[in-house]
There are 2 protein chains.
Amino acid sequence: MSTPTKFVLDESKMPRHWYNIAADLPTPPAPPLHPGTLQPVGPDDLAPLFPMELILQEVSSEREVPIPEPVREVFRLWRPSPLYRAHRLEKALGTPAKIYYKYEGVSPAGSHKPNTAVPQAWYNAQAGIRKLTTETGAGQWGSSLAFAGALFGLDVTVYQVRISYDQKPYRRALMETYGARCLPSPSDTTNSGRAVLAKDPNHPGSLGLAISEAVEIAATHDDTKYALGSVLNHVLMHQTIIGQEAMLQFEMAGDDPDVIIGCTGGGSNFAGITFPFIGQQLRGKGKTKQRRIVAVEPAACPSLTRGKFAYDFGDTSHLTPLVKMHTLGSTFTPPGFHAGGLRYHGMAPLVSHLAELDLIEATAYQQTECFAAGVLFARAEGIVPAPEANHAVKGAIVEALRCKAEGKSQVILFNLSGHGHFDMASYMAYSAGKLTDQAYDERELAMALAGLPSVPA
Amino acid sequence: MSTPTKFVLDESKMPRHWYNIAADLPTPPAPPLHPGTLQPVGPDDLAPLFPMELILQEVSSEREVPIPEPVREVFRLWRPSPLYRAHRLEKALGTPAKIYYKYEGVSPAGSHKPNTAVPQAWYNAQAGIRKLTTETGAGQWGSSLAFAGALFGLDVTVYQVRISYDQKPYRRALMETYGARCLPSPSDTTNSGRAVLAKDPNHPGSLGLAISEAVEIAATHDDTKYALGSVLNHVLMHQTIIGQEAMLQFEMAGDDPDVIIGCTGGGSNFAGITFPFIGQQLRGKGKTKQRRIVAVEPAACPSLTRGKFAYDFGDTSHLTPLVKMHTLGSTFTPPGFHAGGLRYHGMAPLVSHLAELDLIEATAYQQTECFAAGVLFARAEGIVPAPEANHAVKGAIVEALRCKAEGKSQVILFNLSGHGHFDMASYMAYSAGKLTDQAYDERELAMALAGLPSVPA
């Protein structure tokens, strides 16, 4: 009997705690600062936006944070998610490497995003909140929060980047099926949106602007809080259930990864699969297996490989605290490539900090080579990856071909963060040869970086 | 600890045989007839269209037919599929009934169709066939055969009903991503297609016509065979892995269904979930639990509830053998409702035979009430069902509410045959109040039934 194709954990083995990497870091990351005072922000500064339980998670240094039982109960709808051995892809590549992937597309919304949407909705509901606002680009995050809101009786309003709202109505239809309200951003419901519309009524929107709108509504309405789908510490921590499950599944497989790969936009799915493994290494102090951890980002929005490690705003209208991260500048507008979930100017502070500590590597690929990787994967393994996940697939194939060239049978793990069933228009464009690589404007990047807020060291 | 939400079988327990209900029937179904001679068709008559292994399965009376190991190896990509207890839906309905659903949307193509696409592709590849043709409506079947063809190196050509080809390009994009060729039907590549186009260059196509085109290509090309996604005995048998897994999962749950529900178009997903249970009952001769088996069909294409049990053609151009089934007449054109997978004039002969034997019940619902059921389900359980599967959801909710009214805690099982991620346009139409119930033309039905071929009893 050959090695099984998939490793499925019993529900009873689903993790009961999130893993908080803050407990194991050799040095702490720089604190977020209030943009006016340049002093570290405290829980009270964040209270208008988030319920206190999530704020406490944001600043926690406890290694293990319990997952509430009602949240675990919802997780059982799709978790534990499967770990796959990609036998057919290995054969197609002719590589001696063993390739594994953790598949998060089994969630109701089709990606890893519900892993944090569900606890965020639950903590808000527990705090008596009735309404949530958020932003979304292509719609993975918005549909995940809409799903979570439906389960806990919360009204969810999603500001969707207008160009996606107009061009990709099906994710919006998913949000509306779950009962959420979806508005195009810029909208006339906020000062941030109206200011932009006044200058340009046809503005296509951006993730940074949609964040501004969602934050503004939450900050000015007592019954409304805000939810973010990536970047923040607590969001990344919620995703660590992915890596913790993967560790248990590797025990089932009797294997151990040498290289772990995730795609990075804001950083949450990458953190989810890698942080538990990085933490094990940090605690082992050289006694555990030394693994390579590889972040793969789009060449058209390369915050880790081309950005500056500096304090910056998370949004366009500068309503958020300043956070220290790899950033392309909050005024930088990434070109319109298809992996909408990776089109963000900054990188999660925790992921940025790990990059500064040389605990992770980063690499960037163009979208056409990522789609080619995705099509190869689909024809071998059957699953059509989301355009974002194609970056991780590409990274894994590059490593597998390196193993082939070097004659090494290394173990490669990557996170297949979502399926591409809502992204077939981009696959059509790719098949028709109409999908081209996108270059950002070097001058615009230089200007955006020159315009970073000045924060004394 | 409450009852688990999902019951996941280990790969090692995945069934090794398909279940062939022909072995347990009290009387055999009527044989298919050659339309010219009106004599039963033999294996040789079918040889131009199918490889011999599949023809032998079509006429087999063995109770257990082994699933080849290379087919089981592919199945491991998504099988065993999960059985869910719908705790949240039960709560939303306030019913004392226990509702379970078997979820086939976890397959790479998002429905149960790969359960037969993979073995059909494999048997063809084993027989040295290099090319397959088939038809598809909305695209579930076409994308499943495209997926299976990619795995075994077969060239797949799919004739897609033109109105779907034009209006729903994303399933086509999925077929092309898997490497298949997709043509709109009617096309100019066949006599059947050209004859229709000559009369009406803008003909919207139909499933019966697309079958004619695909069959014609296979019948006239030595290197090409034909694959059908439902209706035939061997296709239904391939789907019985669903019900066999469900039986093992009910053992895990310590429960046993009182009512089993599936939606019916051609009949394959319904057969898949119900035949193993019906067989158990037939073999038990009254000593096992007596279950109700309910087929749910669209009111706009009601072959079981309004059709005639008679010999008819499977296609529009009358290239197929005559099969005895519940039919609306091969010239009947169902109105354009959204569950494209259920828009077929006939019902599988085996399912029709069971209905005649009073071993199953049939009921029909309009599409708006089915979409309402689907939205309720999505908000409770997270999964957005395909429009076809909404019919089964509706059937299950009706039974659950009956249990509530009667104060009975019965066990309900239904087959959630696929997810609706490619069908969000229909959910948008439903949300916007633009989706209406469709009535077929009573006069057209009467004419189609009057035109059934005359076969002496």
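Residues numbered from 1 in each chain as written. Chains lettered and ligands numbered in written order. Predicted model: local features only at pLDDT ≥ 70, side-chain atom pairs only at ≥ 80, totals over all residues. Heavy atoms only, no water.

**Q** Pulling in residues and values, what's your account of the overall build of chain A?
**A** Counting its regular elements, chain A contains 19 helices and 15 strands. Radius of gyration (C-alpha) of chain A: 21 Å, near the 23 Å computed for a compact globule of 457 residues. Once the C-alpha set of chain A is aligned to its principal axes, its extents read approximately 65 × 50 × 50 Å. Taken across its 457 residues, chain A has 64% of its residues classed as buried. For chain A, the share of sequence-separated contacts (at least 6 apart) that also reach a separation of at least 24 residues comes to 76%. Total accessible area computed for chain A in this model is approximately 15,700 Å², and 52% of it derives from carbon and sulfur atoms. (Helix = DSSP H or I, 4+ residues; strand = E, 2+ residues; numbered from the N terminus. Rg over C-alpha atoms; globule rule 2.2 N^0.38 Å. Buried < 20%, exposed > 50% of the residue type's maximum accessible area, 1.4 Å probe, protein only. Contact = heavy atoms within 4.5 Å. Areas by Shrake-Rupley, 256 points an atom, 1.4 Å probe, with all protein chains shown as cover.)

**Q** Residues and numbers for helix α18 (residues 424–431) of chain A, please.
**A** Taken residue by residue, α18 of chain A has M424, S426, Y427 and A429 of chain A as its buried positions. Buried-residue contacts for α18 of chain A involve α16 (367–381) and α17 (387–406) of chain A together with α8 (169–177) of chain B. Immediately beyond the C-terminal end of α18 of chain A, within one or two residues, lies G433 of chain A, with a positive phi of roughly 70°.

**Q** I'd love a proper account of the sheet that holds strand β6 (residues 131–136) of chain B, names of residues and values included.
**A** Residue and element names in this part refer to chain B. Strands sit in the order β8-β7-β6-β9 across an open sheet of four strands; the sheet is parallel. The outermost strands of the open sheet, each flanked by one partner alone, are β8 (181–185) and β9 (224–226). For this sheet the average axis-to-axis angle between neighbouring strands, irrespective of direction, equals 25°. Across three bridges, the pairing between β6 and β9 is parallel. Note on β9: the bridge partner recorded for L132 is K225. Sheet contacts for helix α10 (residues 207–220): β6, β7 (155–161), β8 and β9; angle to β6, the most-contacted strand, approximately 170°. (Pairing = 2+ DSSP bridges. Axes fitted to C-alpha atoms, helices over the stretch in contact; angles between N-to-C directions.)

**Q** Pulling in residues and values, what's your account of the packing of aromatic side chains?
**A** On inspection of all chains with the given rule, the structure shows 31 aromatic pairs over all chains. Ring centres of F371 of chain A and Y430 of chain A lie 5.7 Å apart, and the angle between their planes is 20°; this geometry places the pair in the stacked category. On the criterion of sequence distance, the pair formed by F371 of chain A in helix α16 and Y430 of chain A in helix α18 is long-range, its members being 59 residues apart. An angle of 75° between the planes, with centres 5.0 Å apart, marks the rings of F371 of chain B and Y427 of chain B as edge-to-face. In this pair, F371 of chain B sits in helix α16 (residues 367–381) while Y427 of chain B sits in helix α18 (residues 424–431), placing the two residues 56 residues apart along the sequence. Look at F371 of chain B and you get buried, because its relative accessible area is 2%. The structure contains a cluster of three or more aromatic residues connected by ring pairs, namely Y84, Y101, Y103, F377 and F414 of chain A. The residue whose ring lies beneath R172 of chain A is Y165 of chain A, and the NZ or CZ to ring-centre distance is 3.9 Å. (Phe/Tyr/Trp six-rings, centres within 6.5 Å; stacked < 30°, edge-to-face > 60°. Lys NZ or Arg CZ within 6 Å of the ring centre and 35° of its normal.)

**Q** Give a detailed account of the side chain of D255 of chain A, specifying residues and quantitative values.
**A** Residues and elements named next belong to chain A. Relative to the helices and strands, D255 is located in the loop between α12 (240–253) and β10 (259–263). At a separation of 2.9 Å, a polar atom in the side chain of D255 contacts the side chain of K98. Within the structure, D255 has its side chain in polar contact with the side chain of Y100 (distance 2.7 Å). When sequence neighbours within four positions are dropped, the list of residues in contact with D255 reads K98, Y100, F250 and V411. (Polar contact = N/O pair within 3.5 Å; in protein donor to acceptor, adjacent residues only side chain to side chain.)

**Q** Report on the sheet that holds strand β6 (residues 131–136) of chain A, specifying residues and quantitative values.
**A** In any sheet, the strands associate via hydrogen bonds between backbone groups, in a parallel or an antiparallel arrangement. Residues and elements named next belong to chain A. Sheet architecture is open: four strands sit in the order β8-β7-β6-β9, paired in parallel fashion. Each edge of the open sheet carries a strand with a single partner, namely β8 (181–185) and β9 (224–226). Here the average twist between neighbouring strands, direction ignored, is 25°. Bridge count between strand β7 (residues 155–161) and β8: five bridges; the pairing is parallel. Among the inter-strand pairings, Q160 is bridged to a residue of β8, identified as P184.

**Q** Let's hear about the environment of M325 of chain B: which residues, and what values?
**A** All names here are of chain B. Looking at the element boundaries, M325 is found in strand β13 (residues 322–327). Look at M325 and you get buried, because its relative accessible area is 0%. Note: C-alpha distance between M325 and M447 (122 residues apart in sequence) is 18 Å. Excluding anything up to four places from it in sequence, M325 contacts K308, F309, A310, D312, F313, H345, G346, M347, P349 and S352.

**Q** Which residues make up the packing of helix α8 (residues 169–177) of chain A against α18 of chain B, and what values do they have?
**A** When two helices pack together, you describe them by how their axes are tilted relative to each other and by the distance separating the axes. With their axes 9 Å apart at the nearest point, α8 of chain A and α18 of chain B run at an angle of 55° to one another. Classified by the interaxial angle, the pair formed by α8 of chain A and α18 of chain B is oblique. By crossing handedness, the relation of α8 of chain A to α18 of chain B is classed as left-handed. When α8 of chain A is examined against α18 of chain B, the residues P169, Y170, A173, L174 and T177 of chain A are found in contact with a partner set consisting of M424, A425, Y427 and M428 of chain B. (Parallel < 35°, antiparallel > 145°, perpendicular 65-115°, else oblique. Left-handed = near helix turned anticlockwise from the far one by under 90°.)

**Q** Please give an account of the packing of α12 of chain A against helix α13 (residues 268–284) of chain A that cites residues and values.
**A** All names here are of chain A. Their axes nearest at 6 Å, the elements α12 and α13 cross at an angle of 60°. Here the hand of the crossing between α12 and α13 comes out right-handed. When α12 is examined against α13, the residues T240, I242, G243, Q244, A246, M247 and F250 are found in contact with a partner set consisting of A271, G272, I273, F275, P276, F277 and Q280. Tallied by class, the residues present in the contact of α12 with α13 amount to nine nonpolar, five polar and no charged. (Nonpolar A, V, L, I, M, F, W, Y, C, P; charged D, E, K, R; others polar.)

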